Amino acid sequence: MLESVFDTMENTVGNRFDTVGLPRWPLARLLIFRGGVIAGFDAIEHDTVRYALSVETPALLLNGDEDPRVTPAQARALTAAFGSNARLHFVPGAGHDLFSAVAPGEWREAVCGFLDAHR
């Protein structure tokens, strides 16, 4: 079960720059490169869509339908990469939130339904 998971590092950092009105290019890419150097990994190549292609277990992805950081299109792309064992649930009116806190009933229903389906 995953909440508000980004598709690529470049897209998610770019979305944050868009949100505050700063130019995505080249700032997002420079920040990602620098962060990767500090953390000791290639952050530019960090791509959860590519990783999801090799996951064989069922996955539930929860995303706010008004999330400016992980857009609905990005959530759909990641869900598609997980394949037929994945289910995407949008929380209406939610942004980049902790869904168990902002929509506890809906979160519980989505999670319990997913778990029941995969016992």
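Moving on to the environment of alanine 117. As for its placement among the helices and strands, alanine 117 is situated in helix H6 (residues 104-117). Taking the relative accessible area as the measure of exposure, alanine 117 reaches 58% and is therefore exposed. Between the C-alpha atom of alanine 117 and that of threonine 12, which follows or precedes it by 105 residues, the distance is 31 Å.

We now examine unusual backbone geometry. Along the chain, tryptophan 25 connects to proline 26 via a cis peptide bond; the corresponding omega equals 5 degrees. Located in the positive-phi region is serine 4, a residue other than glycine, with phi close to 50 degrees. Of note, serine 4 is situated in the loop between strand S1 (2-3) and helix H1 (9-20). On the basis of relative accessibility, which here comes to 11%, the residue serine 4 falls in the buried class.

To continue, consider a nonpolar patch on the surface. A surface patch of nonpolar side chains, about 360 Å² in accessible area, is lined by Val20, Leu22, Leu27 and Leu30. Position of leucine 22 relative to the elements: it lies in the loop between H1 and helix H2 (24-39).

Quick notes on the rules
- Residues numbered from 1 in each chain as written.
- Predicted model: local features only at pLDDT ≥ 70, side-chain atom pairs only at ≥ 80, totals over all residues.
- Heavy atoms only, no water.
- Helix = DSSP H or I, 4+ residues; strand = E, 2+ residues; numbered from the N terminus.
- Buried < 20%, exposed > 50% of the residue type's maximum accessible area, 1.4 Å probe, protein only.
- Patch = residues over 30% accessible without salt bridge, like charges linked within 9 Å, V, L, I, M, F, W, Y side chains within 5 Å.
- Areas by Shrake-Rupley, 256 points an atom, 1.4 Å probe, with all protein chains shown as cover.
- Salt bridge = Lys/Arg side-chain N within 4 Å of Asp/Glu carboxyl O.

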